[in-house]
Amino acid sequence: MMSQQKINFREQKTSNVGKPATRSASRKAAEALQPSQGVSGEEAVTNFDIDAEERLLRAFDLATKYGPCAGMTRLERWERAEKFGLSPPAEVREVVLRRGPGSTSNQPVWAGRI
């Protein structure tokens with residue numbers, strides 16, 4: 001016959017509500033606000049650093065419904081998506097053509113990274 005034992009586990013506090021922040025916690029918070037470094041040592045770019053057109057181009061790069069973007073320019077990808085009837089945003093093509101097909105705006109966000 002098995003004896004039943006009452007097992008008591010001590011509860012541990014997991015909240016620091018009401019306690020003053022320690023020096024290390026405030027230092028960690030300050031470090032989180034510092035700009036981070038990219039993989040290749042370049043400074044990370046946030047949404048605050050780019051304009052609306054660049055956000056549009058990056059959103060196009062990240063939208064998988066227009067097919068893969070590795071190894072081709074944004075304009076080539078846009079034209080391929082149009083050919084297959086995927087209805088890519090016309091604004092993307094307009095921005096790339098206005099800035100020039102040879103500009104960096106025609107390179108996807110992954111250019112040189114993958």
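Residues numbered from 1 in each chain as written. Predicted model: local features only at pLDDT ≥ 70, side-chain atom pairs only at ≥ 80, totals over all residues. Heavy atoms only, no water.

Engineer: Describe the packing of aromatic side chains, listing the residues and the values that go with them.
Structural biologist: Per the stated rule, a full pass over the model turns up 1 aromatic pair. Their ring planes at 35° and their centres at 5.2 Å tell us that Phe 60 and Tyr 66 sit as a pair that is tilted. Each of the two residues, Phe 60 as well as Tyr 66, counts as buried. Here the guanidinium or amino end of Arg 77 rests over the ring plane of Phe 60, the centre of that ring lying 4.7 Å away. (Phe/Tyr/Trp six-rings, centres within 6.5 Å; stacked < 30°, edge-to-face > 60°. Buried < 20%, exposed > 50% of the residue type's maximum accessible area, 1.4 Å probe, protein only. Lys NZ or Arg CZ within 6 Å of the ring centre and 35° of its normal.)

Engineer: Break down helix α3 (residues 74-83) for me, citing the residues and quoting the values.
Structural biologist: Looking at α3, one finds that the buried residues are Arg 74, Leu 75, Arg 77, Trp 78 and Ala 81. On an axial view of α3, the arc spanned by its buried residues comes to 160°, and they lie on one face. The positive-phi residue at the C-terminal boundary of α3 is Gly 85, with phi of around 75°. (Helix = DSSP H or I, 4+ residues; strand = E, 2+ residues; numbered from the N terminus. Arc of directions from axis to C-beta.)

Engineer: Summarise helix α4 (residues 90-99); cite the residues concerned and give the values.
Structural biologist: For α4, every residue scored as buried is listed here: Val 92, Val 95 and Val 96. One side of α4 holds all its buried residues, which, seen down the axis, span an arc of 95°. Close packing links the buried residues of α4 with α2 (52-62) and α3. Looking at the residues trailing α4, positive phi occurs at Gly 100, about 105°. (Contact = heavy atoms within 4.5 Å.)

Engineer: Give me the packing of α3 against α4: which residues, what numbers.
Structural biologist: Taken N-terminus to C-terminus, the directions of α3 and α4 make an angle of 150°; their axes are 10 Å apart at the nearest point. Between α3 and α4 the crossing geometry is left-handed. Residue-level inspection shows Arg 74, Leu 75 and Trp 78 of α3 in contact with α4, the latter providing Ala 90, Val 92, Arg 93, Val 96 and Leu 97. (Axes fitted to C-alpha atoms, helices over the stretch in contact; angles between N-to-C directions. Left-handed = near helix turned anticlockwise from the far one by under 90°.)

Engineer: Account for the confidence of the model for the protein, with residues named and values stated.
Structural biologist: Per-residue confidence for the protein averages 75 on the pLDDT scale, and 56% of its residues sit at or above 70. Confidence, expressed as mean pLDDT per element, reaches its minimum in the protein at helix α1 (residues 23-33) with 53 and its maximum at α3 with 94. Here residues 35-39 is modelled with pLDDT under 50, and outside its nearest four sequence neighbours on either side it reaches 7 contacts, counting other chains as well. (pLDDT = per-residue confidence, 0-100.)

Engineer: Describe the pattern of salt bridges, naming the residues involved and giving the relevant values.
Structural biologist: For the structure shown, the criterion picks out 7 salt bridges. Two residues, Arg 74 and Glu 54, come together in a salt bridge whose shortest N-O distance is 3.9 Å. Taken together, the positions of Arg 74 in helix α3 and Glu 54 in helix α2 put the pair 20 residues apart, joining distant regions of the chain. An identical accessibility class is assigned to Arg 74 and Glu 54; each is buried. With its nearest N and O atoms 3.5 Å apart, the salt bridge here joins Glu 54 to Arg 99. (Salt bridge = Lys/Arg side-chain N within 4 Å of Asp/Glu carboxyl O.)

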